[in-house]
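Single-letter residue listing:
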Amino acid sequence: MYYYRYDSTEVSCCYKYLMFSYNIIFWLAGVAFIAVGFWAWSEKGVLLDLTQVTRLHGFDPVWLVLVVGGVTFILGFAGCVGALRENICLLKFFSGVIGFIFVLELTAAVLAVVFQSQVREWINDFFLASVKGYRDDIDLQNLIDSLQRMNHCCGAQEPNDWDLNVYFSCNGTHLRREKCGCESVRTKLTDHIYTKGCIAALEDWLPGNLYTVAIVFIVISLLQMVGIYLARTLISDIEKVNFSY
């Protein structure tokens, strides 16, 4: 009968605590996202009346914050406990989910390039729906305001898109402080508004910042790969120790 022996019968403390440190950042980030999300809902009174969640119109940015926070919290918790307790199941769960998220990101990037016209149409419909529900959510207002202010744009395709919202109609029949929903008009009553649509502004912005977008994607991907590498290496060490006994 042959027995397999390994040079080391202990789990590497280096990988173990690197994995823990890596995931404690995940865990803290998840806590922060969840706290911000619930704080935003408390400011809107949603926590006092949970039925308001079903009455929200359009896109509520808080949902995105809570989902990202929840996933990050769960992954960080699984990674931390898995590393400290040398739990193979938790470590496999962590590496599997991270790998799945990476595949989703890569797939989404490829599909966005292949189906550019469909993506453009989806963004257009999303922006128009958000314009229509602008008054229903303060976070949605801030999101659209920031987008228009930073890109010097108004509406999805043109300022007239704001005719969908009765409070910000651009039909010229009234001179209101909120006319057209564009930052330049809400700050002072003038005839000047941004005439470029935000989708066109985004299309103009992307080519000039393609390297920045690529670098951000590469950095995020590398961080994910580091997490998977640490988890798989730690799993291998744990299995060697268990096998040696």
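Higher on the page you've got the structure.
This section reports on the structure supplied with the text. These numbers were taken from a predicted model, which means no experiment stands behind them. (Residues numbered from 1 in each chain as written. Predicted model: local features only at pLDDT ≥ 70, side-chain atom pairs only at ≥ 80, totals over all residues. Heavy atoms only, no water.)

**Some remarks on the state of the cysteines**
In the structure shown here, the tally under the stated rule is one disulfide. The disulfide partner of C153 is C198, and the S-S distance across this bridge is 2.1 Å. An S-S torsion of about 85° defines the bridge between C153 and C198 as right-handed. With C153 in the loop between α5 (138-151) and α6 (183-187) and C198 in helix α7 (residues 198-208), the pair connects residues that are 45 residues apart, well separated along the chain. In terms of burial, C153 and C198 fall into one category: buried. The thiol of C13 is not disulfide-bonded; the next cysteine sulfur, from C14, is found 8.9 Å away. (Disulfide = S-S within 2.5 Å. Helix = DSSP H or I, 4+ residues; strand = E, 2+ residues; numbered from the N terminus. Buried < 20%, exposed > 50% of the residue type's maximum accessible area, 1.4 Å probe, protein only.)

**A word on the packing of aromatic side chains**
Applying the stated rule across the entire model yields six aromatic pairs. Ring centres of Y22 and F94 lie 6.3 Å apart, and the angle between their planes is 90°; this geometry places the pair in the edge-to-face category. Here Y22, found in helix α1 (residues 13-43), pairs with F94, found in helix α3 (residues 88-114); they are 72 residues apart in sequence, far enough to count as distant. F94 shares its class with Y22; the two are buried. (Phe/Tyr/Trp six-rings, centres within 6.5 Å; stacked < 30°, edge-to-face > 60°.)

**Overview of the pattern of salt bridges**
Summed over the entire model, instances satisfying the criterion amount to three salt bridges. Of the charged contacts in the structure, one is a salt bridge between K16 and E86, with a shortest N-O distance of 3.1 Å. With K16 in helix α1 and E86 in the loop between α2 (61-84) and α3, this residue pair connects regions lying 70 residues apart in the sequence. Its relative accessible area of 12% is what places K16 among the buried residues. Taking the shortest distance from any N to any O, the salt bridge between R120 and E203 comes out at 2.4 Å. One end of the pair, R120, is in helix α4 (residues 116-132); the other, E203, is in helix α7, and 83 residues separate them in sequence. Given a relative accessible area of 38%, E203 falls into the partly exposed group. (Salt bridge = Lys/Arg side-chain N within 4 Å of Asp/Glu carboxyl O.)

**Description of α4**
Across its 17 residues, α4 extends 24 Å between first and last C-alpha, which sits within 8% of the 24 Å expected from 1.5 Å per residue. Among all positions in α4, only N124, F127, S130 and V131 are buried. Burial along α4 is one-sided: seen end-on, the buried residues are contained in an arc of 130°. Away from its buried face, by an angle of more than 90 degrees, α4 presents the exposed residues E121, W122 and K132. The inward-facing, buried residues of α4 abut α5 and α7. (Expected span 1.5 Å × (residues − 1). Arc of directions from axis to C-beta. Contact = heavy atoms within 4.5 Å.)

**Let's talk about the environment of N142**
Tracing the chain through its elements places N142 in helix α5. A residue is classified by how much of its surface remains accessible, and N142, at 41% relative accessible area, is partly exposed. The sequence separation of N142 and P61 amounts to 81 residues, and the corresponding C-alpha distance is 9.8 Å.

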